[in-house]
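Fold and geometry: a report
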Amino acid sequence: MSRARPNILITGTPGSGKTTLCEVLAAATGMEHVNVGDVVRTEACHEGKDEEFDSYILDEDKLLGVLEPRLEQGNVMLDFHSCDVFPAELLDLVLVLRVSTENLFDRLTARGYHQRKINENMECEIMQVVLEDAREAFPAEMVHVVENNNVDEMEANGARVEQWLAAWLQDHA
């Protein structure tokens, strides 16, 4: 698939800093930041709500029906905690954010998550669930892992993505 601009997925456990990094990168690069969780809610790409975990039950087919036309055009930066929903041919870079359990616990607590949801997300980070899902769903050269514990690391990650984007654009000119 030939696009004039790439598509990027920024993924990681909830609380890893995906949205903050995407907002910074969208401002710096002109890419469209798509918070997939917002799309799930606003476009009703779900089959209802799981009250136990206070989250929506994703309808993957409907979500892809909404997002694929945008991804086919390129210049999209997806922000989502799950990555294996998206076809590899529609993405060019998958950036997995990792965060220390201490920072993650503090961030999730500050969001007001209930203890069960905090525990589930902490376990996912410890077990590297998002990273393993990314490694299973995408070619190794597409998946990059970075620490995102503080502002300095976030800025370095942003600079890294900007460098990657410049190289991609040059290679595809």
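Relevant structure appears above.
Just so it is clear, the model here is predicted, and its values are computed rather than measured.

Reading guide: rules and limits
- Residues numbered from 1 in each chain as written.
- Predicted model: local features only at pLDDT ≥ 70, side-chain atom pairs only at ≥ 80, totals over all residues.
- Heavy atoms only, no water.
- Helix = DSSP H or I, 4+ residues; strand = E, 2+ residues; numbered from the N terminus.
- Polar contact = N/O pair within 3.5 Å; in protein donor to acceptor, adjacent residues only side chain to side chain.
- Contact = heavy atoms within 4.5 Å.
- Salt bridge = Lys/Arg side-chain N within 4 Å of Asp/Glu carboxyl O.
- Buried < 20%, exposed > 50% of the residue type's maximum accessible area, 1.4 Å probe, protein only.
- Phe/Tyr/Trp six-rings, centres within 6.5 Å; stacked < 30°, edge-to-face > 60°.
- Lys NZ or Arg CZ within 6 Å of the ring centre and 35° of its normal.
- Core = buried A, V, L, I, M, F, W, Y, C linked by side-chain atoms within 4.5 Å.

**Some details on the side chain of D92**
Within the secondary structure, D92 sits in the loop between β5 (76-79) and β6 (93-98). In terms of polar contacts, D92 uses its side chain to reach the side chain of R3, at 2.5 Å. A distance of 2.8 Å separates a polar atom in the side chain of D92 from the backbone nitrogen of N7. Those residues within four positions of D92 in sequence are excluded, and the remaining contacts are R3, P6, N7, M142, W164 and W168.

**Some words on the pattern of salt bridges**
Applying the stated rule across the entire model yields five salt bridges. With a closest N to O distance of 2.5 Å, R3 and D92 form a salt bridge. Taken as a pair, R3 in the segment before β1 (7-12) and D92 in the loop between β5 and β6 lie far apart in primary sequence, 89 residues in all. Each member of the pair, R3 as well as D92, carries the same accessibility label: buried. Among the ionic pairs, R70 bridges to E32, the shortest N-O distance being 2.4 Å. Of this pair, R70 sits in helix α3 (residues 60-73) while E32 sits in strand β2 (residues 32-35), and the two are 38 residues apart along the sequence. Of the residues examined, R70 reaches a relative accessible area of 31% and is grouped as partly exposed.

**Things to note about the packing of aromatic side chains**
Counted according to the given criterion, the structure contains one aromatic pair. On the basis of an interplanar angle of 80° and a centroid distance of 6.3 Å, the ring pair of F80 and F86 is categorised as edge-to-face. Taking NZ or CZ as reference, K49 lies 5.3 Å from the ring centre of Y56, over its face.

**Quick look at the nonpolar core**
Across soluble globular proteins, nonpolar side chains show a tendency to be buried alongside one another. Ranked by internal contacts, the top residues of the largest apolar core, which has 26 residues, are L63, L67, L78, F86 and V94. For this core, the secondary structure elements donating two or more residues are α2 (36-42), α3, β5, β6 and α6 (129-137). In terms of residue count, the dominant contributor to this core is α3 (four residues).

Just geometry here; none of it tells us what the structure is for.
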